[in-house]
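Structural characterization, general
Each chain, letter by letter, is given below.
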Amino acid sequence: MSRAEHIVVVGNGMVGVRFLERLAALTPERHKVTVIGGEPVEGYNRVLLSALLAGDVAQADVCLRDRAWYTEQDIALRTGITATRIDTAGSRLELSTGESLHYDRLVLATGSSAMRLPLPGSHLEGVVTFRDVADLDRIRAAAAPGRPVAVIGGGLLGIEAAYGLARLGCDVTLVHVMPRLMERQLDGRAAQFLRDALVRKRIKVLLNAQTARVLGDGKVEGLEFKDGTRLSADLVVMAVGVRPQSALAADVLDIGRGIKIDDGMTTSVTNIHAIGECAEHRGQIYGLVEPGYDQADILARRIAGDVEARYEGSVLSTNLKISGVGVFSAGAFEGGEGMDSVTFEDRRKCHYRRLVFKGDQLAGAILIGETGDALWYRDLIRDGADIAASRSSLIFGRAHAERSVREAA
């Protein structure tokens, strides 16, 4: 009997767990699998961090798979351990415990780490990031009803952190250097709808605000901005973005902004693969979960024997509830040459839609508030579907558009 191939997975986040699930479904009992997770807990849903901070869900609710599942799948899960070095010549992975594991395949799903602005005072007590459950513990320890808190960063992470802190009763100000929130995912009008929704949740929003330094003597006392104005704060949360965690591979693999991979999720070393936020595919790093899931699925299929499985990139899309408000965007939502658009808005209900067309194809979409048809719109964009017959009714959603097509037939 041949020896089972040993697959070592570094990273137990959402993408890593998705890979394990798909591999277990496709090739039960064919491989020996070991998972190295740097955090002391099982993999969890980072999308729900703000809900966990707010107390809307419990720790058990965000766990992706409990330890019993790993045992049932005969997967060795090692948590609270980091990988320190890859020996490509010997196909060995060195660990922080001093151990060395042999692998036949190594899968890097190391994700990304939170960025911290290099500002004067950023080292002060009370300045934290918002990325994992350890950050949540630090934030909870400092948060209290009525306490002034500044959250730096008007992207997804910053908004989610602000929402969680507001739910705890803190006096929250969301600080963003750009003139609108989520500028990479929303147009100006959609961003205004989102801002209005946050203000209704008692979150102050400060735009065009470039932080110059963190104030305080030993402990944070506030922020000073480039224009000289100041904001008092007992807690500062930096949620200004993430960077790929590629340091483990830096000396042995081809690295760009992330770990470079081909369409089969293979790196510059044939038995090492990378998926998720640590990976760079065709010059693109995806900071979203769905592309990482796509990559995990492709890699599992390749290992299962489907040599034709190829990852050709993902349609960039965001489909989440942000502070309780549905937010979706996909494709060329801001339009461009040869494109035109149609919009619908209901300010009282905080509903906004914008569809961007290129000929008889849907090129981009934004939904705020009501996002039930988000995946349908995404699929129309991804598939390049001919929407000529439903174009005039597409803005009103799937049911209306499909009914109008039937009636016209």
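Right above here is the structure, for reference.
Now for a quick tour of the structure.

Thresholds, definitions, all that
Residues numbered from 1 in each chain as written. Predicted model: local features only at pLDDT ≥ 70, side-chain atom pairs only at ≥ 80, totals over all residues. Heavy atoms only, no water. Helix = DSSP H or I, 4+ residues; strand = E, 2+ residues; numbered from the N terminus. Rg over C-alpha atoms; globule rule 2.2 N^0.38 Å. Buried < 20%, exposed > 50% of the residue type's maximum accessible area, 1.4 Å probe, protein only. Contact = heavy atoms within 4.5 Å. Areas by Shrake-Rupley, 256 points an atom, 1.4 Å probe, with all protein chains shown as cover. Lys, Arg positive; Asp, Glu negative; His and termini not counted. Charge placed at Lys NZ, Arg CZ, Asp CG, Glu CD. Pairing = 2+ DSSP bridges. Axes fitted to C-alpha atoms, helices over the stretch in contact; angles between N-to-C directions.

What follows concerns the overall build of the chain. A tally of regular secondary structure across the chain gives 10 helices and 25 strands. Expected size for 409 residues packed as a compact globule is a radius of gyration near 22 Å; at 23 Å, the chain falls within 12% of this value. In terms of its C-alpha atoms, the chain occupies a principal-axis envelope of roughly 70 × 70 × 35 Å. In the chain, which comprises 409 residues, the proportion classed as buried is 48%. Relative to all contacts within the chain whose residues are 6 or more apart in sequence, the contacts with residues 24 or more apart total 60%. As displayed, the chain has an accessible area near 18900 Å², and 47% of this comes from carbon and sulfur atoms. On the chain, the mean spot of the 50 positive side-chain charges and the mean spot of the 53 negative ones are 3 Å from each other.

With antiparallel pairing, the three strands of this open sheet are ordered in space as β4-β5-β6. A strand with exactly one partner marks an edge of an open sheet, and here the two such strands are β4 (83–87) and β6 (100–102). Taking the axes of each pair of neighbouring strands and ignoring which way they run, one obtains an average angle of 25° across the sheet.

Take the sheet that holds strand β24 (residues 351–358) next. The strand order across the open sheet formed by five strands is β21-β22-β25-β24-β23, and the pairing between neighbours is antiparallel. The open sheet has two edge strands, β21 (317–322) and β23 (340–346), and neither has a second partner. Strand-to-strand twist of the sheet, defined as the mean angle between neighbouring strand axes without regard to direction, takes the value 10°. Across six bridges, the pairing between strand β22 (residues 325–331) and strand β25 (residues 361–369) is antiparallel. Its bridge partner being in β25, F328 is matched across the sheet by L367. Strands in contact with helix α9 (residues 374–383) are β21, β22, β24 and β25; relative to β25, the strand with the most contacts, it is inclined by about 160°.

Tracing the backbone through its elements, the reader meets S317 in strand β21. Overall, S317 belongs to the buried group, its relative accessible area being 13%. The spatial distance from the C-alpha of S317 to the C-alpha of P291 is 9.1 Å, given a sequence separation of 26 residues. Not counting residues up to four positions away in its chain, the partners in contact with S317 are L288, F328, S329, A330 and R378.

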